[in-house]
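# Examining the three-dimensional arrangement
Here are the chains, one letter per residue:
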Amino acid sequence: MFSKDELQEIQKRRTEWEGTVKESLKRFKTDKSPNRFYTPLDIPDFDFLETVGFPGEYPFTAGTYPSLVPGTGPVKGGGPFAVAGLARAGRYSGYGMAEDTRDYYRRMIGRGWRVGPNLAFDLPTQIGYDPDHPMARGEVGKTGVAVSSLKDFETIFEPFTGDLAMDRVATAMNINAPAIVLISMFVAVAQQKGVPLDRLRCTPQNDILKEYTGRGTYIFPPKPSLRLTRDIFVYARKNLPQMNLMGVSAHFREGGCDTVRAAGFQFSNALAYVQVARDGGLDIDDFLPSVTFQTGGCHSMEILKAVAEIRACRRVWAKLARERLGARSPRSWMLRSVPGRLEPALTTRQRPLNNLIRATLGGVAIALGGDVPTVNPGFDEALGLGVSLEAQQLSEDGARILFHEARLCDVQDPFAGSYYMEALTGRIEAEIFETIAKVDSVGGAVAAIETGFMQRAIAQDAYRTQKQIETGEKIVVGVNSFLGPDELEVNVHRQVAHPYDPKRREEAEEKQVDKVRKLRQERDNARVMVTLKQLREQAGDEKVNLFPAVLESVKAYATIGEICGVLRDVFGEYQEYGII
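### Some remarks on unusual backbone geometry
Cis geometry is found at the peptide bond from Y58 to P59, where omega equals 10°. Within the secondary structure, P59 sits in the loop between α2 (48-51) and β1 (89-93). In this structure, P377 follows N376 across a cis peptide bond, with omega equal to 0°. Relative to the helices and strands, P377 resides in the loop between α12 (354-368) and α13 (389-405). Positive phi is not limited to glycine here, since N206 has a value of about 50°. Mapped onto the secondary structure, N206 falls in the loop between β4 (202-204) and α7 (222-239). The phi dihedral of D413 is positive, around 45°, even though this residue is not glycine. Mapped onto the fold, D413 is located in the loop between α13 and α14 (419-441).

### As for the side chain of D207
As for its placement among the helices and strands, D207 is situated in the loop between β4 and α7. In contact with D207, not counting residues within four places along its chain, are N176, M246, G247, V248, S249 and Y273.

### Considerations on the packing of helix α10 (residues 303-324) against α12
Between α10 and α12, the least distance of the axes is 9 Å, while the angle of their chain directions is 35°. Crossing angle aside, the handedness with which α10 passes α12 is right-handed. When α10 is examined against α12, the residues I303, A306, V307 and I310 are found in contact with a partner set consisting of L361, G362, A365, I366 and L368. Of the residues assigned to the contact of α10 with α12, the class counts are eight nonpolar, one polar and no charged.

### Notes on the nonpolar core
Core analysis: the largest hydrophobic core is formed by 144 residues, its most contacted members being F153, M173, V181, L182, L209, F267 and W317. Among the elements that line this core, the one with the most residues is helix α8 (residues 259-279), at twelve residues. Sequence-distant contacts of M173, defined by excluding residues within four places in its chain, comprise L119, F121, F153, L182, I183, F186, C202, T203, P204 and Q205. Formed by six residues, the second largest nonpolar core is a distinct cluster that contains Y38, F46, V52 and A423.

### Here we look at helix α3 (residues 98-110)
With 13 residues, α3 ought to run about 18 Å at 1.5 Å a step, and its terminal C-alpha atoms sit 18 Å apart, in line with that. Within α3 the residues assigned to the buried category are A98, D100, T101, R102, D103, Y104, Y105, M108 and I109. Tucked inside the fold, the buried residues of α3 contact β1, β2 (116-119), α5 (150-156), α13 and α17 (502-522). Count one or two residues on from α3 and you reach G112, which has phi positive near 110°.

### What about a nonpolar patch on the surface?
A contiguous nonpolar patch, built from F48, L49 and F54 and spanning about 300 Å² of accessible area, is present on the exposed surface. Within the element layout of this structure, F48 appears in helix α2.

### Description of the pattern of salt bridges
Oppositely charged side chains can form a pair if their charged atoms are brought close together. This structure, assessed with the given rule, holds 50 salt bridges. With its nearest N and O atoms 3.9 Å apart, the salt bridge here joins E522 to K518. Note that E522 and K518 are positioned in helix α17 at a spacing of four residues, about one turn of the helix. E522 sits in the exposed class, given a relative accessible area of 59%. Each of D100, R102, D103, R106, E158 and R504 takes part in one network of salt bridges that share partners.

### Here we look at the side chain of R315
Within the secondary structure, R315 is located in helix α10. Ignoring any residue separated from it by four or fewer positions in sequence, one finds R315 in contact with T51, P59, T61, E422, T425, G426 and E429.

### With respect to α14
Within an α-helix, residues lying three or four positions from one another point in the same direction, as the helix has 3.6 residues per turn. End to end, α14 covers 33 Å across 23 residues, agreeing with the expected 33 Å (1.5 Å per residue, within 8%). Buried residues of α14: M421, E422, A423, L424, T425, I428, E429, I432, T435, I436 and V439, and no others. Contacts made by the buried residues of α14 are with α2, α8, α10, α15 (445-450) and α16 (453-471). Of the residues one or two after α14, G443 is the one with positive phi, at around 110°.

### Some words on the packing of aromatic side chains
Scanning all chains against the criterion turns up 25 aromatic pairs. With centroids separated by 6.0 Å and ring planes inclined at 90°, the aromatic side chains of Y104 and W113 adopt a geometry described as edge-to-face. Considered together, Y104 and W113 belong to a single accessibility category, that of buried residues. Pairwise contacts between aromatic rings join Y95, Y104, Y105, W113, F121, F153, F157, F160, F186 and Y500 into one cluster.

Analysis parameters
- Residues numbered from 1 in each chain as written.
- Predicted model: local features only at pLDDT ≥ 70, side-chain atom pairs only at ≥ 80, totals over all residues.
- Heavy atoms only, no water.
- Helix = DSSP H or I, 4+ residues; strand = E, 2+ residues; numbered from the N terminus.
- Contact = heavy atoms within 4.5 Å.
- Axes fitted to C-alpha atoms, helices over the stretch in contact; angles between N-to-C directions.
- Left-handed = near helix turned anticlockwise from the far one by under 90°.
- Nonpolar A, V, L, I, M, F, W, Y, C, P; charged D, E, K, R; others polar.
- Core = buried A, V, L, I, M, F, W, Y, C linked by side-chain atoms within 4.5 Å.
- Buried < 20%, exposed > 50% of the residue type's maximum accessible area, 1.4 Å probe, protein only.
- Expected span 1.5 Å × (residues − 1).
- Patch = residues over 30% accessible without salt bridge, like charges linked within 9 Å, V, L, I, M, F, W, Y side chains within 5 Å.
- Areas by Shrake-Rupley, 256 points an atom, 1.4 Å probe, with all protein chains shown as cover.
- Salt bridge = Lys/Arg side-chain N within 4 Å of Asp/Glu carboxyl O.
- Phe/Tyr/Trp six-rings, centres within 6.5 Å; stacked < 30°, edge-to-face > 60°.

As structure tokens, this is what we get:
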């Protein structure tokens, strides 16, 4: 803190200096400087303990934890940890049929992976259709692995044995609308293997609200969807104590939303989920420590802004949890974030190797923001699903260099106290709270979705950004600038085959259709009908937890399309219209 006299003296000297700057700029025939200089005048009321504090202590600006875990560091397979007891899910992956993804994991384990599966699902799975449904045509196994029934989950987990058994590694599942079905499959496989449910570590995304505004893989209207979310919360807290209940994400950015506004929408959604948990009878301090966020990454190529956003998000959540939600446990105030990465929307198809540079800068921001750096996504992310082994190698080496050579994690929150960083962090925090207040003013996250409030804001941001790119106001190297004939297109020599076999991917749809039709012939269909009937009856009673009924249907080998079909009949389907 500076005294009033000291601030007055700084202001006097600053005024004099600004005059010098103007004189200097005259020779360039301008009076506007392209950069700024920050002083104590930009944070006149700065209080270190109140605003920053120590790592692992409220308000968590300096870091979620007091220290990195000794022995922490980037590991093969995409995870940031290589410490006993901290096995994490690896690189986002999955394609084709379950057999294709199983074989992919076997190859990757053979190449040194010591991480759990981080499953990407194809679009039919994400929206609850079987592969032979007309809506699934042309999409089976394309954006991820096709999962039609428990049989597929049994196959996917075949490689995970011994020190990589289900209770020795964590599993991540990027699934939302039919999350209750996929989590049930995970539980059923564990029970088949004799794995106690209280030893399972899993993070399903299970964040349905952002689907209505950021991704579009919704099935049911928001309110019945949140009923399913509630049922997952309640079942998991009782039976799966080590499972993270959800990963609250901000895919609004992928839809073009301003990065800071996206953080505000993300926290507004989180507040809605807290109410869902409370409606289910869960205590706030039992629920919040099991919630994770996708906030730890780099969401802007303005790297210093990205660092400030990481810091601000930790502080915002700490204040929301303690002051607004009334959480008493410090663990509830912590913003537990999944390993961060560069926002994939910032990568480009043009000159894809430039994405390695972008991802490396993203890793720098992540490290300076207080986490173990990753250099993700791979440089060929924008060219289609699946990262080549060459890209994986460069990504892993990039993270290793940032961690071991550049030693960016040796100091926690190195920008603490910086006039610029503290002013920027404070400004971003204020903007996030302003966005939350606007969502509150229309009735909260669900109302903001149903009235189109969020969708309009995202569309306006997307239009503004695209216009800036097209006019050249916003420069994207290799896309709208530096395109002259003397510029080189640099390519990487492919040394090994792509880990996703294109032939198997193309054949996946026909084979998956055959497989699910064969399943319907060979299973006990009387049992299937009984379980689906029970599910239909219970779905009509909002007070009943549907997880046990879904689990029984899954164990009977009912397909995802059949289970979601019953719920479609009862809940209806969400139709977005007339709100933009």
